[in-house]
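Survey of secondary and tertiary structure
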Amino acid sequence: MGKIIISRDGVVEQEVPLSRERMSIGRRSRNDIVLSHPAVSGEHAVITTILDESFLEDLRSTNGTFVNGQRVGKHFLQHQDTIKIARYRIEYLADGVRPVPAPMGESVTIPVAPPYRPGSAPAAANASTPAAAAAPAALSAALPPAALGRIEVLNGANAGKQLALTKPLTTLGRPGVQVIVVSRAADGYSVVQADGDAIATLNGAALGRQPQRLQNGDVLDLSGTQMAFKQDLA
């Protein structure tokens, strides 16, 4: 699990492991993490952790929540992000299980269209957006073929593109809009929605916040972008 280190005026006050799925931050004593300063709202922010991914959300606080100098509403936390709440500096540290961001040309994020709103035409996929690429061949070759799954884009400009699911965790989508996390374990793959108000679907049903097992041929829908889960079975 990840953790946060909370300091004030250069002095470390707390080191908190993100051991629960939802951890609230605020001035009131009922919060999981209490910051005793008048500029901190009673219920100021919350950190939600799904698997090994953590998301910060400001709860409409009076004085705002800042990450790396920018005011945020929702933010997908990255290793060593600096959160500022009033006079508190909070550093986020990811644990060693979290996958390292892929190098250029090996993105693990598949672009999705913006959420559809009544009265507006569905947005066309951006043909200039690079599709998610497969993981390095050397890594794929080292894994048992029967265990390896992949995502194939079914529609839009990226139709036919595939992403090999070689990592313990693969994040797909757009932070703040719609994010799902596919996890790989010895007994197979599962998927969960981790962020966003737009609801992702699995075989036409709402995905939700509880992990669901993936089966060969399952179809995921992220804001109109359809993707099939495929697995090379022995």
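What counts and what doesn't
Residues numbered from 1 in each chain as written. Predicted model: local features only at pLDDT ≥ 70, side-chain atom pairs only at ≥ 80, totals over all residues. Heavy atoms only, no water. pLDDT = per-residue confidence, 0-100. Contact = heavy atoms within 4.5 Å. Pairing = 2+ DSSP bridges. Helix = DSSP H or I, 4+ residues; strand = E, 2+ residues; numbered from the N terminus. Axes fitted to C-alpha atoms, helices over the stretch in contact; angles between N-to-C directions. Buried < 20%, exposed > 50% of the residue type's maximum accessible area, 1.4 Å probe, protein only. Polar contact = N/O pair within 3.5 Å; in protein donor to acceptor, adjacent residues only side chain to side chain. Lys, Arg positive; Asp, Glu negative; His and termini not counted. Salt bridge = Lys/Arg side-chain N within 4 Å of Asp/Glu carboxyl O. Core = buried A, V, L, I, M, F, W, Y, C linked by side-chain atoms within 4.5 Å.

As a further point, take the confidence of the model for the chain. Summarising the model, the chain shows a mean pLDDT of 78, and 75% of its residues fall at 70 or more. Across residues 96–146, confidence stays below pLDDT 50; counting only partners more than four residues off in sequence or on other chains, it has 81 contacts.

To continue, consider the sheet that holds strand 1 (residues 3–8). Read from one edge of the open sheet, six strands run 2-1-11-10-7-8, paired in antiparallel fashion. Each end of this open sheet is capped by a strand with a single partner; those strands are strand 2 (11–17) and strand 8 (70–72). Pairs of neighbouring strands in the sheet enclose a mean axial angle of 30 degrees, with direction left out of account. Across three bridges, strand 7 (residues 65–67) lies against strand 8 in antiparallel orientation. Looking across to strand 8, one finds that Thr 65 is bridged to Val 72.

Moving on to the pairing of strand 5 (residues 45–50). A large share of strand 5 lies buried, amounting to five of its six residues. Strand direction decides the pairing type here: strand 3 (residues 22–26) and strand 5, joined by four bridges, are antiparallel. Within strand 5, the position partnered with Ser 24 by the bridge is Val 46.

This part is about unusual backbone geometry. For Asp 9, which is not a glycine, the phi torsion comes out positive at approximately 55 degrees. Structurally, Asp 9 can be placed in the loop between strand 1 and strand 2. A relative accessible area of 54% means that Asp 9 is categorised as exposed.

What follows covers the pairing of strand 20 (residues 219–222). Strand direction decides the pairing type here: strand 17 (residues 201–202) and strand 20, joined by two bridges, are antiparallel. When the bridges of strand 20 are listed, Leu 202 appears paired with Leu 220. Direction of pairing for strand 20 relative to strand 21 (residues 225–231): antiparallel, over a ladder of four bridges. Each residue of the ladder has a partner; that of Val 219, found in strand 21, is Ala 228. Linking strand 20 to strand 21, which pair antiparallel, is a turn of two residues; within it Ser 223 sits at a positive phi near 50 degrees.

Note that Ser 24 resides in strand 3. Within polar-contact distance, the side chain of Ser 24 engages the side chain of Asn 31 at 3.2 Å. In this structure Ser 24 touches Asn 31, Asp 32, Ile 33, Ala 45 and Val 46, once residues within four positions along its chain are discounted.

Let's shift gears to the side chain of Asp 218. Tracing the chain through its elements places Asp 218 in the loop between strand 19 (212–213) and strand 20. For the buried residue Asp 218, which engages in no salt bridge, the nearest side chain bearing the opposite charge is Arg 213, 9.0 Å off. In this structure Asp 218 touches Leu 202, Asn 203, Arg 213, Met 227, Ala 228 and Phe 229, once residues within four positions along its chain are discounted.

Below, the discussion takes up the nonpolar core. In terms of nonpolar packing, the biggest core is built from 21 residues, with Ile 4, Ile 6, Ile 33, Leu 35, Leu 56 and Ile 85 touching the most fellow members. For this core, the secondary structure elements donating two or more residues are strand 1, strand 3, strand 5, strand 10 (82–85) and strand 11 (88–93). Residue contacts for Ile 85: discarding those within four places in its chain leaves Ile 25, Leu 35, Val 40, His 44, Ala 45, Thr 65 and Ile 90. Formed by 18 residues, the second largest nonpolar core is a distinct cluster that contains Ile 151, Val 182, Val 191 and Leu 207.

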